[in-house]
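One-letter residues, chain by chain:
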Amino acid sequence: MIDFKKFIKEGKDRCDLSSLFLNPVAFNKAIEEMSEPFRTDHVNKVVALDALGFIFGSRIAEKLGVGFVLFRKEGKIPVEKKTVSFTDYTKTSKVFEVVSDAILPGDKILIVDEWSETGSQIKAAISLTEQCEGVVAGVSC
């Protein structure tokens, strides 16, 4: 069993995961553990939250053999999109956006991020997934 806490450096108001990414054994184990509960859930897409969620989400999507969807921060998508507004853990107003046809009605979605402090980003991701008529199968952080 790997103690992931030893790969997380705590700063004043944030944590840094660089040490986890530098250790391939620990990083692969993290991906394995984040994926495992969803192997039999038949998810067909992984949604990852901007930005570090992209690192975990892409690896988890690959491990599960499913599609990969990016929930980007406002202003990053140059084509038709859907959006959701929320207030993050710093009490700052933010927006997630997704390409309009990335999630199809009935898609079974696993939402992935590197961490969740207040749940506001996850709640916004659930809302945006449901706005796209996807079904949230679970969340992995």
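Here's a quick rundown of the structure. Keep in mind the model is a prediction, meaning the values are calculated, not measured.

## Topic: the packing of helix α2 (residues 24-35) against helix α3 (residues 52-64)
Phase 1 of the analysis: Two elements in contact, α2 and α3, have axes separated by 9 Å at closest approach and are oriented at 65 degrees. Accordingly, the angle class assigned to the pair α2 and α3 is roughly perpendicular. Crossing geometry of α2 relative to α3 is assigned as right-handed. Contacts between α2 and α3 pair Phe27, Asn28, Ile31, Glu32, Met34 and Ser35 from the former with Ile55, Phe56, Arg59, Ile60, Lys63 and Leu64 from the latter.
Phase 2 of the analysis: Tallied by class, residues from the contact of α2 with α3 come to seven nonpolar, two polar and three charged.

## Considerations on the pattern of salt bridges
Phase 1 of the analysis: Per the counting criterion, the structure on display carries seven salt bridges.
Phase 2 of the analysis: Put simply, Lys81 and Glu97 hold a salt bridge, and the shortest N to O gap is 3.9 Å. One end of the pair, Lys81, is in strand β5 (residues 81-87); the other, Glu97, is in strand β6 (residues 93-99), and 16 residues separate them in sequence.
Phase 3 of the analysis: Since its relative accessible area comes to 1%, Glu97 is described here as buried.
Phase 4 of the analysis: Three or more residues joined by partner-sharing salt bridges are found here, namely Lys29, Glu32 and Glu33.

## Digging into α2
Phase 1 of the analysis: In this model α2 runs 16 Å from its N-terminal to its C-terminal C-alpha over twelve residues, within 8% of the 16 Å that 1.5 Å per residue would give.
Phase 2 of the analysis: Where α2 is concerned, the buried positions are Ala26, Phe27, Ala30, Ile31, Met34 and Ser35. The buried side chains of α2 occupy one side of the element, clustering within an arc of 165 degrees when seen end-on.
Phase 3 of the analysis: Looking at the buried side of α2, the elements it contacts are α1 (18-22), α3, β7 (108-112) and β8 (135-140).
Phase 4 of the analysis: The opening residue of α2, the one whose side-chain oxygen lies 3.1 Å from the backbone nitrogen of Val25, is Asn23.

## Considerations on the pairing of β7
Phase 1 of the analysis: When you tally the buried positions in β7, you get four out of five residues, the bulk of the element.
Phase 2 of the analysis: Across four bridges, strand β3 (residues 45-49) lies against β7 in parallel orientation. Of the residues in β7, the one forming a bridge with Ala48 is Val112.
Phase 3 of the analysis: In terms of handedness, the path from β7 via helix α4 (residues 120-131) over to β8 forms a crossover that is right-handed.

## Describing the packing of aromatic side chains
Phase 1 of the analysis: This model, assessed by the stated rule, comprises six aromatic pairs.
Phase 2 of the analysis: A centroid spacing of 5.6 Å and a plane angle of 50 degrees characterise the contact between Phe21 and Phe56, whose relative ring orientation is tilted. Linking Phe21 in helix α1 with Phe56 in helix α3, this pair joins segments that are 35 residues apart in sequence.
Phase 3 of the analysis: With a centroid separation of 5.8 Å and 85 degrees between ring planes, the pair formed by Phe27 and Phe56 is classed as edge-to-face. One end of the pair, Phe27, is in helix α2; the other, Phe56, is in helix α3, and 29 residues separate them in sequence. Just as Phe27 is buried, Phe56 falls in that class too.
Phase 4 of the analysis: These aromatic residues form a ring-pair network of at least three members: Phe21, Phe27 and Phe56.
Phase 5 of the analysis: Lying over the aromatic face of Phe27, Arg59 brings its terminal NZ or CZ to 4.7 Å of the ring centre.

Parameters and conventions
The residue numbers shown here count from 1 along each chain, following its written sequence. Given that this is a predicted model, residues contribute local features only at a pLDDT of at least 70 and side-chain atom pairs are listed and counted only at 80 or more, while totals for whole chains, interfaces and linings are drawn from all residues. For the side-chain quantities, the full set of heavy atoms in the structure was used; hydrogens and water were omitted. A fitted line through C-alpha atoms represents every axis, and for helices the fit uses only the stretch in contact; the resulting angles, taken between N-to-C directions, go from 0 to 180 degrees. By definition, any uninterrupted DSSP run of H or I lasting at least four residues is a helix, any uninterrupted run of E lasting at least two residues is a strand, and each is numbered from the N terminus. Between 65 and 115 degrees an angle is taken as roughly perpendicular, under 35 as roughly parallel, over 145 as roughly antiparallel, and anywhere else as oblique. Should the near helix be turned counterclockwise from the far one by less than a right angle, the crossing is left-handed, whereas a clockwise turn marks it as right-handed. Residues are treated as being in contact if the distance between any of their heavy atoms lies within 4.5 Å. Ten residues, namely Ala, Val, Leu, Ile, Met, Phe, Trp, Tyr, Cys and Pro, are considered nonpolar, four, namely Asp, Glu, Lys and Arg, are considered charged, and the remaining ones, Gly among them, are considered polar. Whenever Lys or Arg places a side-chain nitrogen within 4 Å of a carboxyl oxygen from Asp or Glu, that contact is recorded as a salt bridge. Between buried and exposed lies partly exposed: a residue is buried under 20% and exposed over 50% of the maximum accessible area for its type, with that area taken using a 1.4 Å probe on protein chains only. To estimate the expected span of a helix, count its residues, drop one, and scale the result by 1.5 Å. Think of the arc as the fan of directions from the helix axis to the C-beta atoms. For this analysis, a polar contact is any N or O atom pair within 3.5 Å, provided that within protein one partner can donate a hydrogen and the other can accept it, and provided that sequence-adjacent residues contribute only side-chain to side-chain pairs. Strands qualify as paired when DSSP identifies two bridges or more between them. Note on handedness: a clockwise path from strand one over the helix to strand two, with the strands aimed away from the viewer, defines a right-handed crossover. Side-chain rings of Phe, Tyr and Trp, where Trp is taken by its six-membered ring, are said to pair if the distance between their centres is within 6.5 Å; with planes under 30 degrees apart they count as stacked, over 60 as edge-to-face, and otherwise as tilted. Any Lys NZ or Arg CZ that is within 6 Å of a ring centre and within 35 degrees of that ring's normal is treated as a charge sitting over the ring.

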